[in-house]
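This is what each chain is made of:
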Amino acid sequence: MHSEKFAEQIVEHLSTAVLVFNTQLQLVFINSAGEMLFAHSSRHLCGQSVHELLANSEVMVELLAAAITSEQVVIQRSCLLELPGASDLRVNGTFTPISDAGVVGSVLVELHQIDHHLRIEQEEHLINQQQATHALVRGLAHEIKNPLGGLRGAAQLLEREINDEPLKEYTQIIISEADRMQALMDRMLGPNTVPQLQAVNVHEVLEHVRELVLVESGDSLTIDQDYDPSLPGLQADPDLLIQALLNIVRNAAQALKGTGTIRLRTRVQRNFNIGSRRYRLVMCIEVIDNGPGIDPVLQKQVFYPMITGRSDGAGLGLSIAQALISRHHGLIECSSQPGETVFTILLPLDVKA
Ligand SMILES: Nc1ncnc2c1ncn2[C@@H]1O[C@H](COP(=O)(O)OP(=O)(O)OP(=O)(O)O)[C@@H](O)[C@H]1O
Ligand SMILES: [Mg+2]
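Residues numbered from 1 in each chain as written. Chains lettered and ligands numbered in written order. Predicted model: local features only at pLDDT ≥ 70, side-chain atom pairs only at ≥ 80, totals over all residues. Heavy atoms only, no water.

Enquirer: Which residues make up the overall build of the protein chain, and what are the values?
Expert: Tallying secondary structure elements over the protein chain gives ten helices and twelve strands in all. Taking 353 residues into account, the globule formula puts the C-alpha radius of gyration at 20 Å, and the protein chain, at 26 Å, lies well above it. Projected onto the principal axes, the alpha-carbon positions of the protein chain cover approximately 105 × 50 × 35 Å. Sorting the 353 residues of the protein chain into buried and exposed places 41% on the buried side. Across the protein chain, contacts joining residues at least 24 apart in sequence account for 60% of those joining residues at least 6 apart. Carbon together with sulfur atoms contributes 54% to the accessible area of the protein chain, which is approximately 19400 Å² in total. In the protein chain, 26 positive and 42 negative side-chain charges are present, and the distance between their average locations comes to 4 Å. (Helix = DSSP H or I, 4+ residues; strand = E, 2+ residues; numbered from the N terminus. Rg over C-alpha atoms; globule rule 2.2 N^0.38 Å. Buried < 20%, exposed > 50% of the residue type's maximum accessible area, 1.4 Å probe, protein only. Contact = heavy atoms within 4.5 Å. Areas by Shrake-Rupley, 256 points an atom, 1.4 Å probe, with all protein chains shown as cover. Lys, Arg positive; Asp, Glu negative; His and termini not counted. Charge placed at Lys NZ, Arg CZ, Asp CG, Glu CD.)

This is the structure:
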């Protein structure tokens, strides 16, 4: 009853990766979930042999061969899929031999990522936790700001009444400390305006941030660009985006103490989840540095306000960046080890549940 096109659409929208290998064991079909898993387009992957594609995952190749020789479906739970340049994944694999003009030799492979659900759960938890913390901090900052204004005003009035110069030093301390606290509270409150969404070229935003950080740092800092030229435009508030990215790139420059390399990388991810919401297209901006990495003690908490590993840090940069990106329905993730710290900013390119 349904057209072939409809069946194709269903396969494209599956969250399970579907791959078909021909009798020469070359890939002839891969769906969107598969493209996402292998982080390459179908055009790039099709034609590759199973040995190229799964070079680091011998077990997978063996299972596939077993399906062909036995002419039976082979199911393997929780096998390790090792892909070059990506972290290892656990998948449930199903290998189904299919006959091509009476000759069994083609194989249909289904790979279902089992840590995918775990990731969604963790992200949902992160989003909820961060929203709650942000609301708490904003409430607190707001409550402190009001009496602070009164305190500063009273000190100013007092200063006018005092003729004794040494005593004026004390009122000056009250005023300057109140100002310092006011500035801190303003940072904690974050930008108050409603985001002014407009078409933004993310590469222009990144170039702006790159130039600012290069000017601030010495000559021994390099910021490489690894931009995907096919990246579509984004509906965003450019000022908020600059602020968020600046906080992250500045942290990387500070961690490198002015010497090292930062890489700015942009890519598009298809059919990708941010928390429990699935989007057709997600922009992925990575800020990668080759510095010492985040202190392991801090790693799980860096997005919380007031968490800092620097003696002169307020610990607000990342929590503000996270709040700004979440105003765009996005999320910042981070992974870090000595020699490589990656902050990944995920921003939906279409709003689709
Ligand atoms: N790229 C990085 N490499 C190593 N550590 C990092 C990196 N980015 C962040 N950190 C750690 O995370 C902490 C929190 O960062 P965050 O930007 O929130 O606050 P801060 O930089 O300390 O202060 P602020 O940004 O408010 O001036 C930093 O103090 C640092 O210890
Ligand atoms: Mg910072």
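Enquirer: Describe helix H8 (residues 202–216), naming the residues involved and giving the relevant values.
Expert: Counted at 1.5 Å a residue, the expected span for H8 with its 15 residues is 21 Å, and the 21 Å between its end C-alpha atoms agrees. Those residues of H8 that fall on the buried side of the exposure criterion are Val-202, His-203, Val-205, Leu-206, Val-209, Arg-210 and Val-213. Buried residues of H8, viewed axially, fall in a sector of 155°; they line one side. Along H8, the residues that are exposed and aim more than 90 degrees away from the buried face are Glu-204 and Val-215. At the N-terminal end of H8, a side-chain oxygen is found 2.9 Å from the backbone nitrogen of His-203, two or three residues along, and the residue is Asn-201. (Expected span 1.5 Å × (residues − 1). Arc of directions from axis to C-beta. Polar contact = N/O pair within 3.5 Å; in protein donor to acceptor, adjacent residues only side chain to side chain.)

Enquirer: Pulling in residues and values, what's your account of the site of ligand 1?
Expert: Taken together, 21 residues surround ligand 1, and among them Asn-251, Asp-289, Thr-308, Gly-309 and Leu-316 come closest. Contact between ligand 1 and Thr-308: an oxygen atom at 2.5 Å from a side-chain N or O atom of the residue. Here an oxygen atom of ligand 1 and a backbone polar atom of Leu-316 are 2.8 Å apart. Protein contact buries 91% of the 600 Å² of open area that ligand 1 shows by itself. Every element with two or more residues in the shell around ligand 1 is listed here: helix H9 (238–255), helix H10 (317–326) and strand S12 (340–348). Of the residues forming the shell around ligand 1, the biggest block, three residues, is contributed by H9. When grouped by side-chain class, the residues that make up the shell around ligand 1 number ten nonpolar, eight polar and three charged. (Near = heavy atom within 4 Å. Nonpolar A, V, L, I, M, F, W, Y, C, P; charged D, E, K, R; others polar.)

Enquirer: Run through the nonpolar core, naming residues and quoting values.
Expert: By size, the foremost hydrophobic cluster in this structure holds 46 residues, and its most contacted members are Leu-241, Ile-262 and Ile-345. Element by element, the count of residues in this core is highest for H9, at ten residues. Counting contributing residues, this core receives three or more from each of domain 2 (118–189) and domain 3 (198–348). In contact with Ile-345, other than residues within four places in its own chain, are Leu-245, Ile-248, Met-283, Cys-284, Ile-285, Val-287, Ile-325, Leu-331 and Ile-332. (Core = buried A, V, L, I, M, F, W, Y, C linked by side-chain atoms within 4.5 Å. Domains from an automatic or database assignment.)

Enquirer: Describe the state of the cysteines, and please don't skip the residues or the numbers.
Expert: Under the defined criterion, the tally for this structure stands at zero disulfides. Free cysteine: Cys-334, not disulfide-bonded; nearest cysteine sulfur from Cys-284 at 14 Å. Looking at Cys-334, the relative accessible area reads 27%, which means it is partly exposed. (Disulfide = S-S within 2.5 Å.)

Enquirer: Quick rundown of the domain arrangement of the protein chain? Include the residues and the values.
Expert: Segmenting the protein chain into domains produces domain 1 (4–113), domain 2 (118–189) and domain 3 (198–348). Put simply, the middle of domain 1 and the middle of domain 3, counted by C-alpha atoms, are 33 Å apart. Tallying the contact residues gives six residues for domain 1 and five residues for domain 3. Contact with domain 3 buries area across many residues of domain 1, yet His-13, Ser-32 and Met-36 alone supply 71% of it, more than any other trio. (Buried area = accessible area lost by both parts, 1.4 Å probe.)

Enquirer: Can you break down the pattern of salt bridges residue by residue, with the values?
Expert: Any two side chains of opposite charge can pair, so long as their charged atoms come close to each other. Applying the stated criterion across every chain, the model contains eleven salt bridges. Here Glu-165 ties to Lys-168 by a salt bridge, and the two come within 3.7 Å at their closest N and O atoms. Pair noted here: Glu-165 and Lys-168 are both in helix H7 (residues 165–189), with a separation of three residues, about one helical turn. A residue is classified by how much of its surface remains accessible, and Glu-165, at 53% relative accessible area, is exposed. As a salt-bridge pair, Arg-210 and Glu-207 come within 3.7 Å of each other at their nearest N and O atoms. One end of the pair, Arg-210, and the other, Glu-207, are both in helix H8, three residues apart, so they sit about a helical turn from each other. The exposure class of Arg-210 is buried, given its relative accessible area of 16%. A network of salt bridges, in which partner residues are shared, links Asp-226, Arg-263, Arg-265, Arg-267 and Glu-286. (Salt bridge = Lys/Arg side-chain N within 4 Å of Asp/Glu carboxyl O.)

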